[in-house]
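Report on the structure
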Amino acid sequence: MREVHDGSDTGPGFIRPSRLLDEGERSQVYRAARAGQLVRLAPDVLIERTHLEARPPEARHLFHIAAVWHRAQADEVLSHRSAAVAWGLPIYGGVPDRPEVTVASGVRRGSSRTFIRHRSDRPLLPELVHERPVTGLARTVADVTTTRPFEEGVVVADAALRLVAGPSAAGGDVHAVARLRRDVLSEIDAMRTNRGVARARRVVEFADPGAQLPGESISRCTMLRLGCPLPRLQHRIESISGRTYYLDFYWPGQRIGAEFDGMAKYIDERFVRGRSPRDVLRAEKGREDEVRLELAGYGRWGFDVARRADMLGPLLRRIGLRW
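Throughout, residues of each chain are indexed from 1 in the direction in which the sequence is written. In keeping with the predicted nature of the model, local features appear solely for residues at pLDDT of at least 70, side-chain atom pairs appear and are counted solely at 80 or more, and the whole-chain, interface and lining totals rest on all residues. Hydrogens and water are ignored here; the side-chain numbers use all heavy atoms of the structure.

**Some details on the overall build of the protein**
Spelled out, the test is: Strands are runs of DSSP state E lasting at least 2 residues, helices are runs of H or I lasting at least 4, and numbering of each runs from the N terminus. Each residue is placed in one exposure class: buried if its accessible area under a 1.4 Å probe, protein chains only, is under 20% of its type's maximum, exposed if it is over 50%, and partly exposed if it falls in between. Any two residues having at least one pair of non-hydrogen atoms within 4.5 Å are treated as being in contact. Exposure was quantified through the Shrake-Rupley algorithm and a 1.4 Å probe, taking into account, for residues, occlusion by the shown protein chains and nothing else.
Along the backbone of the protein there are 14 helices and 13 strands. For the protein, the residues scored as buried account for 48% of the 323 residues in total. Contacts spanning at least 24 positions in sequence make up 59% of the contacts within the protein whose residues lie at least 6 apart. Approximately 16,300 Å² of the protein is accessible, and the part contributed by carbon and sulfur atoms is 50%.

Following this line, the structure appears as structure tokens:
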């Protein structure tokens, strides 16, 4: 197994009352739990609420996995949406309420209050991620895209391609992207079922590493439903000031540009890079002013619009897109 570890700690703040020798300490823990100061992740594992409140659902799911993994059997491999979270991929539509694992088809253990169990008659070939056995990246994408709705699959597939493409906004490692796309399709073809396979192939063919946030992936899915021209992603613009910007969406034939205005651009350190929210907002305003000068039409939207064709369609027409 190839080991992958990003250095993140998935278990700070865990409290196991059964291991507290002092009766007074246990009583204090249970009082804190009743007061809502602690959250129960497993029957014997609690965590301080403050460790979870400010974290995204994917990070909270990692805590959940860490809290119950001591109950996993040696032949169980983290899979599906839980594997996607372990690989650092975003989940749209909600993380599972229990960690998902896969076991060999001959194993009789079913799902329980602790794990959602899937079965497979193919070798799992796990890799170590966060020091736990996890299905490989291609297998993970194949599992998610064959079992989840189209939009959820696109979010995971886009992010997986982006992961192997690298940090460059201008396409990244195209060979790595092509290799992963091919490997995912091979995994899908090897599945001995027709359930979800046609949808999964459509997802993989539609996936694009240029989508940097789930909102951009969902926007593209809505555009597909609308039947409008699909945009070029991360289009490079040289502004009048000489600065280089990258547009989330660009329609070259009509010189229309647009961006997904998700909160991550204002709070995620990947985009904030140590700046205050006010500085980020000021920079974003200056960027928009310069970008507009290079376009015939420009718009931006958030998640509420991205997932609704009845809102995104009229917005695209108002900024000048024609189809």
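**As for helix α8 (residues 197–206)**
Along an α-helix, residues three or four apart share an orientation, since each turn contains 3.6 residues. Those residues of α8 lying buried are V197, A200, V203, V204 and F206. On its buried side, α8 packs onto α5 (137–147), α6 (150–165), α7 (174–189) and α9 (214–226).

**Observations regarding the pattern of salt bridges**
Cut-off, in case you're wondering: We define a salt bridge as a contact between a side-chain nitrogen of Lys or Arg and a carboxyl oxygen of Asp or Glu at a distance within 4 Å.
Under the defined criterion, the tally for this structure stands at 21 salt bridges. For E288, the salt bridge identified is with R292, shortest N-O distance 2.9 Å. With E288 and R292 both in helix α12 (residues 277–292) and four residues apart, the pair spans about one turn of that helix. Judged by its relative accessible area of 14%, E288 falls in the buried class. Here R292 falls in the partly exposed class, since its relative accessible area comes to 40%. It is possible to trace a salt-bridge network through shared partners that takes in D75, E76, R109 and R117.

**Quick look at the sheet that holds strand β12 (residues 256–260)**
What counts is decided by this rule: Strand pairing is defined by DSSP finding a minimum of two bridges between the two strands. Interaxial angles span 0 to 180 degrees and are taken between N-to-C directions of axes, which are lines fitted to C-alpha atoms, for helices over the stretch in contact.
Judged by pairing direction, the sheet is mixed, and its four strands sit side by side in the order β10-β11-β12-β13 without closing on themselves. Of all strands in the sheet, those bounded by a partner on one side alone are β10 (232–238) and β13 (297–301). Averaged over all pairs of adjacent strands, the angle between their axes in this sheet comes to 45°, without regard to strand direction. Across three bridges, strand β11 (residues 244–251) lies against β12 in antiparallel orientation. Across the sheet, Y250 pairs through a bridge with G257, a residue of β12. Strands in contact with α9 are β10, β11, β12 and β13; relative to β11, the strand with the most contacts, it is inclined by about 25°.

**A short note on the packing of α6 against α7**
The following threshold applies: Any angle between 65 and 115 degrees counts as roughly perpendicular, while under 35 counts as roughly parallel, over 145 as roughly antiparallel, and the rest as oblique. Here a crossing is called left-handed whenever its near helix is offset anticlockwise from the far helix by less than a right angle, and right-handed whenever the offset is clockwise. Following the grouping adopted for this structure description, the nonpolar residues are Ala, Val, Leu, Ile, Met, Phe, Trp, Tyr, Cys and Pro, the charged ones are Asp, Glu, Lys and Arg, and the polar ones are all others, Gly among them.
Here α6 crosses α7 at 140°, and the two axes come no closer than 8 Å. What the angle tells us is that α6 and α7 run oblique. Crossing angle aside, the handedness with which α6 passes α7 is right-handed. Where α6 abuts α7, its residues A160, L161, V164 and A165 lie against A176, V177, L180 and R181. The class makeup of the residues in the contact of α6 with α7 is seven nonpolar, no polar and one charged.

**Topic: helix α3 (residues 57–68)**
Stated formally: How far a helix is expected to stretch is found by multiplying one less than its residue total by 1.5 Å.
With twelve residues, α3 extends 17 Å from end C-alpha to end C-alpha; this agrees with the ideal 16 Å at 1.5 Å per step. Across the twelve residues of α3, ten count as buried, placing the element largely inside the fold.

**Remarks on the sheet that holds strand β2 (residues 14–15)**
What the three strands build is an open sheet, ordered β2-β4-β3; its pairing is antiparallel. In the strand order of this sheet, the two ends are held by β2 and β3 (38–42), each with one partner. Alignment of β2 against strand β4 (residues 45–48), held across two bridges, turns out to be antiparallel. Along β4, the bridge assignment pairs F14 with I47. Running over the sheet, helix α1 (residues 23–34) touches β2, β3 and β4 and is turned about 100° from β3.

**Focus on the packing of α5 against α8**
Contact geometry of α5 with α8 gives a least axis separation of 7 Å together with a crossing angle of 120°. Taken together, the axis directions place α5 and α8 in an arrangement best described as oblique. In this structure, the crossing between α5 and α8 has a hand that is right-handed. Contacts between α5 and α8 involve T145, T146 and T147 from the first element and V197, R199, A200 and V203 from the second. Class assignment of the residues belonging to the contact of α5 with α8 gives a composition of three nonpolar, three polar and one charged.

**With respect to unusual backbone geometry**
Even without glycine at this site, H130 takes up a positive phi of about 55°. When you line up the elements, H130 lands in the loop between β8 (127–129) and β9 (132–134). Phi at R255 is positive, roughly 55°, even though this residue is not glycine. Here R255 shows up in the loop between β11 and β12. Assessed through its relative accessible area of 39%, R255 is described here as partly exposed.

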